[in-house]
Amino acid sequence: MGKLFGTDGIRGVANDGLDINLALKVGQAVAMVIGEEKKGRPLVAIGKDTRLSCDMLESAIVAGLCAAGANVMVLGVVPTPAVAFITIGAKADAGIVISASHNPYQDNGIKIFGAKGFKLSDALENKIEELVLGDESLPLLTHDKIGKVIRKNQDWVEKYIDHLEESAEGDISGLKVFIDCSNGAATRTASDLFSRFNLDLEIVKTHPNGVNINDACGSTDTTFLGKTVVSGGYDIGIAFDGDADRCIIVDERGDIVDGDKIMGVCGMAMRQADRLTHNTIVSTVMSNLGFHDFAKGHGISLVCTAVGDRNVLEKMVEGGYVLGGEQSGHVIFREESTTGDGQLAAIKFLSVLCASGKRVSELVEEITYYPQELINVTVTGGNPAKEAIMASEILRAAIGKEEAILGEKGRILVRASGTEPKIRVMVEAEQEEVVKETAKKLADLIKTL
């Protein structure tokens, strides 16, 4: 992890760590680095979610890009995966997304895709970081070397929606579906996309006001979704996060179907159709042991990576795998996308559901989870403080002691968040009381370090 880039781009509180001066320099640096790679004037696509600070940061980044010689396609509010798709389709040299994904409105972020729709390589991120954090002023070009802004790009957004529609397999119809757009980027696309299918459809949380993104809604808070699905007699509930690269589902009983279960259901269907390459799904170390048991029982191998959809994608490309993702709802269907796409995951799950003739609860009933407890411990002092805690011998010894007590049917994962000032403590075992007690014990210890 660098000084500027974390596991999912640059993150910070708007105007308190991530301000217009930084955004301007990022724009300049991206234009310089990508232009050097291209050996000519680069074209950069830029999109954003709906949080209040996005307009401000977009203006600064666009100014920096143009001042350093890049032409810019301004897409407006669009899902993160749409930017990746359009970057490829429009033959842009890079794509930028202004979003803090599932975080609250006061946070924001900048993530960058390369020309092939993958998140930018570490090497290029390091070059950008050196320019942004360096002491020297970045050059401002003059005359005809200044870049221009291209604003009429609705056709590309329509092409993205068409692409998602075409990813459906079989007839998606006859279901009563409730969708929560989290007052985020899916408000631009979800209604158009899902209304193309013969569904009894209700879409909510589509009125962003700058501060209500991810607020008691979306993929990180499905309380409202679950209650509404049950009370309204819906067959399925679907929730996206702020930039729509995550999808979480609830079944007809209001129970959560997370990213692992979505992968399990879709992976089984792909295996039966002989489309799951190497009979393998790529997941992360956060995947529940119950998902491991399910996969093993159905002849599917799991390859696990560190947390982060970037790590998952790298392993997928390396091994030629077509399905991967995270428990949090990032699911990557490599044949259709270069990144996690919540709406694509929803379409794929609906395809399997309709073909099966089953209820959602019946479709996922074989995936039985072990009790799991996740505690997020807030840390002050930024990345150095998180790194010091993670290097603590006291913490390491405590984890080792608790792991020995849990035995083979349990596990502990303590990691520093790459996107928030937190240390995450996850404990999993067969007995819920033991899980909760162990997680609290370690979280309390971290607070003293």
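Rules used in this analysis
Residues numbered from 1 in each chain as written. Predicted model: local features only at pLDDT ≥ 70, side-chain atom pairs only at ≥ 80, totals over all residues. Heavy atoms only, no water. Phe/Tyr/Trp six-rings, centres within 6.5 Å; stacked < 30°, edge-to-face > 60°. Helix = DSSP H or I, 4+ residues; strand = E, 2+ residues; numbered from the N terminus. Lys NZ or Arg CZ within 6 Å of the ring centre and 35° of its normal. Pairing = 2+ DSSP bridges. 1 Å grid on protein atoms, 1.4 Å probe; cavity = no way out; pocket = protein on both sides within 12 Å on 5 of 7 lines; lining within 4 Å. Points joined across faces, edges and corners; volume = space filled by probe spheres on them. Buried < 20%, exposed > 50% of the residue type's maximum accessible area, 1.4 Å probe, protein only.

K.L.:
Help me get a handle on the packing of aromatic side chains, residues and values and all.
P.N.:
One pass over the full model with this rule turns up 4 aromatic pairs. Measuring from ring centre to ring centre gives 5.8 Å for Phe 85 and Tyr 160, while their planes differ by 55°; the resulting arrangement is tilted. Taken together, the residues span a long stretch of sequence, with Phe 85 in helix α3 (residues 80–89) and Tyr 160 in helix α5 (residues 154–166) at a distance of 75 residues. Members of the aromatic cluster, each reached through a chain of ring pairs, are Phe 178, Phe 224 and Tyr 234. The ring of Phe 333 has Lys 348 lying over it, and the distance from NZ or CZ to the ring centre is 6.0 Å.

K.L.:
Account for the sheet that holds strand β9 (residues 198–204), with residues named and values stated.
P.N.:
One open sheet accounts for 5 strands, arranged β9-β8-β10-β11-β12; its pairing is mixed. If you trace the sheet from one side to the other, it starts and ends with β9 and β12 (256–257), each paired once. Bridge count for strand β8 (residues 173–180) against β9 is 6 bridges, and the pairing is parallel. By the bridge assignment for β9, Ser 173 is matched with Asn 198.

K.L.:
Give me the layout of surface pockets: which residues, what numbers.
P.N.:
Estimated volume of the second largest pocket: approximately 580 Å³. Lining the second largest pocket we find 26 residues, and of these Arg 11, Gly 12, Asn 383, Thr 419 and Pro 421 sit closest to its centre. Taken together, the elements giving at least two residues each to the lining of the second largest pocket come down to β1 (10–14), β6 (107–114) and α13 (382–390). Of the residues forming the lining of the second largest pocket, the biggest block, 4 residues, is contributed by β1.

K.L.:
I'd like a rundown of the pairing of strand β18 (residues 411–416), residues and numbers included.
P.N.:
In terms of burial, β18 is a largely internal element, 5 of the 6 residues being buried. In terms of strand pairing, β18 meets strand β19 (residues 422–428) through 6 bridges, oriented antiparallel. The residue of β19 that forms the bridge with Arg 415 is Arg 424.

K.L.:
Could you give an account of the sheet that holds strand β2 (residues 17–18), with specific residues and numbers?
P.N.:
Overall, mixed pairing links the 7 strands, which are arranged β2-β1-β6-β5-β3-β4-β7 in an open sheet. Every other strand in the sheet has two partners, leaving β2 and β7 (149–150) as the edge strands with one partner each. Note: strand β3 (residues 43–48) against strand β4 (residues 71–77), 6 bridges, orientation parallel. Considered in β4, the bridge of Leu 43 is made with Asn 71.

Everything listed here is a matter of coordinates, which is why it stays silent on function.
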